[in-house]
Amino acid sequence: MDPFDAGAGGILRQPKAVWATAGASVVAFMGIGLVDPILPSIAKGLDASAGQVSLLFTSYFLITALAMLVTGFVSSRIGGRKTLLLGLAFVVVFAGLAGTSDTVGQLVGYRAGWGLGNALFVSTALAVIVGAAAGGSAAAILLYESALGLGMACGPLLGALLGDASWRYPFFGTAFLMAIGFLCITVFLKEQPRPARKTSLLDPIRALGHGGLASAAVSAFLYNYTFFTVLAFTPFVLNMTPYKSGAVFFAWGVLLAVFSVLVAPRMQRRFGSLKVLGGSLVLLAADVLVLGYGNHTAAIVCTILSGAFIGVNNTVYTELALGVSDAPRPVASAGYNFVRWFAAAAAPYFAPKIEEWTDVHVPFVVAAVTALLGAVVVVVRRRALTHDAEELEPKHASEDSVTVFAN
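All values reported here derive from a predicted model rather than from experimental measurement. (Residues numbered from 1 in each chain as written. Predicted model: local features only at pLDDT ≥ 70, side-chain atom pairs only at ≥ 80, totals over all residues. Heavy atoms only, no water.)

### Some remarks on the overall build of the protein
When helices and strands are tallied, the protein shows 15 helices and zero strands. When burial is assessed residue by residue, the protein has 58% of its 407 residues classed as buried. Long-range contacts, defined as pairs at least 24 residues apart, comprise 86% of the intrachain contacts of the protein with a sequence gap of at least 6. (Helix = DSSP H or I, 4+ residues; strand = E, 2+ residues; numbered from the N terminus. Buried < 20%, exposed > 50% of the residue type's maximum accessible area, 1.4 Å probe, protein only. Contact = heavy atoms within 4.5 Å.)

Here's what the structure looks like:
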């Protein structure tokens, strides 16, 4: 059945609860790249250095990583609907407070609270959408994938449009949109059945005892350092107006969405997951080197182009992580993301520090090296990353790819 079929069960014929959750998901994913085009404006407005402002990403993703041990524990006890509402409430409060910040320290702290809310929300949203959807999971998963792509692409654009007037407005705008999402879910979403077994706080850690899952997590950690060097440090290198920077990262997000949802599964079917991942990591390493050493035009082109490699990597990594382990998918995903999100916290902190210690080029050299090391882990641990020592086939690629940012 065509998931775009307007008939019963098609993507366009879903209950209001599904649309409400998907709409809030768009805004949640927008929050990841929202601050990208306004980082220089925030630094100027709060008289802060690039390193201090980059801590907006560090605090956000550090809390997100730690929250991976908590989200399953919470949702398996209070239910999906209450977990979504709790996460939305955190985002509304802390995004709104972020807009009132007078110091960069306050802003970093509020961003951490925002990260906790976002983790609670997006880690539960997919399960809620699939559970409430009509006509099976295919259309619901496609709808969620579309929400992820739309949010990642539009976050920088919204940040630019609102941030051109004031760096505070994107935070207020996010709080307002999430408040609407809170009301919609309150009205339209009924409570979902709770899991038969409650998840413990240590289940994700135990899952990392599996060699394949641990290998995927380590390689993804190295790759995510590269990813978030591009996302958090490049805006300072480009040094563009919010509008221009927003346009660059909008194009980046479009490529990320297209290659994650449409291109990666086709490449996997043709070449196999590990070959695609290894090749994409090597190309990403080359891309960030050119980004760091090329002229301004080359830096813009390579920033946008990196979205394609990042989209492919996100899809393949998540499938490897969720397919190679014998743990339940939510538990395996939580353990895997617990490890890899620490790199998202580390890169925004260390990239500006490395620039201070050396020059503006070296952070990209480090990012290229981490991408290559991620590829080395894939090659060295290829047997642990496959079933029966064979190349892992892309089963359920579309379903797994949506959990890249969700868990």
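### Considering the pattern of salt bridges
Evaluation of the coordinates by the stated rule reveals one salt bridge. Measuring nitrogen to oxygen at the nearest pair gives 3.0 Å for the salt bridge that ties Arg 206 to Asp 203. Taken together, the residues span about one helical turn, with Arg 206 and Asp 203 both in helix H8 (residues 203-207) at a distance of three residues. On the accessibility criterion, Asp 203 (9% relative accessible area) is buried. (Salt bridge = Lys/Arg side-chain N within 4 Å of Asp/Glu carboxyl O.)

### So, the packing of aromatic side chains
In the structure shown here, the tally under the stated rule is 17 aromatic pairs. For the ring pair Phe 227 and Trp 252, a centre distance of 6.2 Å and an interplane angle of 45° mean the geometry is tilted. Placement of the pair is Phe 227 in helix H9 (residues 211-238) and Trp 252 in helix H10 (residues 242-271), with a sequence separation of 25 residues. Per residue, the accessibility class of Phe 227 equals that of Trp 252, and both read buried. The ring of Phe 73 has Arg 77 lying over it, and the distance from NZ or CZ to the ring centre is 3.7 Å. Stacked on the ring of Trp 341, the Lys or Arg Arg 340 has its end atom at 4.3 Å from the ring centre. (Phe/Tyr/Trp six-rings, centres within 6.5 Å; stacked < 30°, edge-to-face > 60°. Lys NZ or Arg CZ within 6 Å of the ring centre and 35° of its normal.)

### Overview of the packing of helix H4 (residues 80-98) against helix H7 (residues 169-188)
What describes two packed helices is the angle between their axes and the distance between those same axes. For the pair H4 and H7, the least separation of the axes is 8 Å and the interaxial angle reads 160°. Relative to H7, H4 is oriented roughly antiparallel. The handedness of the crossing between H4 and H7 is left-handed. When H4 is examined against H7, the residues Arg 81, Leu 84, Leu 85, Leu 88, Ala 89, Val 91, Val 92, Ala 95, Gly 96 and Ala 98 are found in contact with a partner set consisting of Phe 171, Phe 172, Thr 174, Ala 175, Met 178, Ala 179, Gly 181, Phe 182, Ile 185 and Thr 186. When the residues that make up the contact of H4 with H7 are grouped by side-chain class, the tally is 15 nonpolar, four polar and one charged. (Axes fitted to C-alpha atoms, helices over the stretch in contact; angles between N-to-C directions. Parallel < 35°, antiparallel > 145°, perpendicular 65-115°, else oblique. Left-handed = near helix turned anticlockwise from the far one by under 90°. Nonpolar A, V, L, I, M, F, W, Y, C, P; charged D, E, K, R; others polar.)

### Comments concerning the environment of Thr 186
In this structure, Thr 186 sits in helix H7. Excluding anything up to four places from it in sequence, Thr 186 contacts Arg 81 and Leu 85. From its side chain, Thr 186 meets the backbone oxygen of Phe 182 in a polar contact 2.7 Å long. (Polar contact = N/O pair within 3.5 Å; in protein donor to acceptor, adjacent residues only side chain to side chain.)

### Overview of the packing of helix H11 (residues 273-293) against helix H12 (residues 296-324)
Contact geometry of H11 with H12 gives a least axis separation of 9 Å together with a crossing angle of 155°. Between H11 and H12, the crossing angle belongs to the class labelled roughly antiparallel. At the point where H11 passes H12, the crossing takes the left-handed sense. Looking at the contact of H11 with H12 residue by residue, the class counts come to 18 nonpolar, five polar and one charged.

### Quick word on unusual backbone geometry
The backbone of Asp 47 sits at a positive phi, close to 55°, despite the residue not being glycine. Mapped onto the elements, Asp 47 comes out in the loop between helix H2 (39-45) and helix H3 (50-78). In this structure, Asn 239 takes a positive phi of about 50° despite not being glycine. Looking at the element boundaries, Asn 239 is found in the loop between H9 and H10. When its relative accessible area of 62% is taken as the criterion, Asn 239 is described as exposed.

### Examining a nonpolar patch on the surface
Together, Val 369, Leu 373, Val 376, Val 379 and Val 380 line one region of the surface with nonpolar side chains, adding up to about 420 Å² of accessible area. Of the residues examined, Leu 373 reaches a relative accessible area of 41% and is grouped as partly exposed. (Patch = residues over 30% accessible without salt bridge, like charges linked within 9 Å, V, L, I, M, F, W, Y side chains within 5 Å. Areas by Shrake-Rupley, 256 points an atom, 1.4 Å probe, with all protein chains shown as cover.)

### Structural notes on the nonpolar core
Grouped together as the largest cluster of nonpolar side chains are 119 residues, with contacts concentrated most on Ile 42, Phe 61, Phe 121, Phe 171 and Ile 185. Sort the elements by how many residues they give to this core and H9 lands first, with 14 residues. Apart from residues no more than four positions distant in its own chain, Ile 42 is found in contact with Val 53, Leu 56, Leu 107, Trp 167 and Phe 171. (Core = buried A, V, L, I, M, F, W, Y, C linked by side-chain atoms within 4.5 Å.)

### Observations regarding the confidence of the model for the protein
Residue-level pLDDT values for the protein average 83, and 89% of them are 70 or greater. Mean pLDDT in the protein bottoms out at helix H15 (residues 397-401), which sits at 43, and peaks at helix H14 (residues 362-380), which reaches 97. A low-confidence stretch, residues 388-407 (pLDDT under 50), is modelled with 73 contacts involving residues beyond four sequence positions or located in other chains. (pLDDT = per-residue confidence, 0-100.)

### Comments concerning the environment of Gly 279
Take Gly 279: it is sitting in helix H11. The exposure class assigned to Gly 279 is partly exposed, which follows from its relative accessible area of 31%. Sequence separation between Gly 279 and Asn 313 is 34 residues; the distance between their C-alpha atoms is 9.7 Å.

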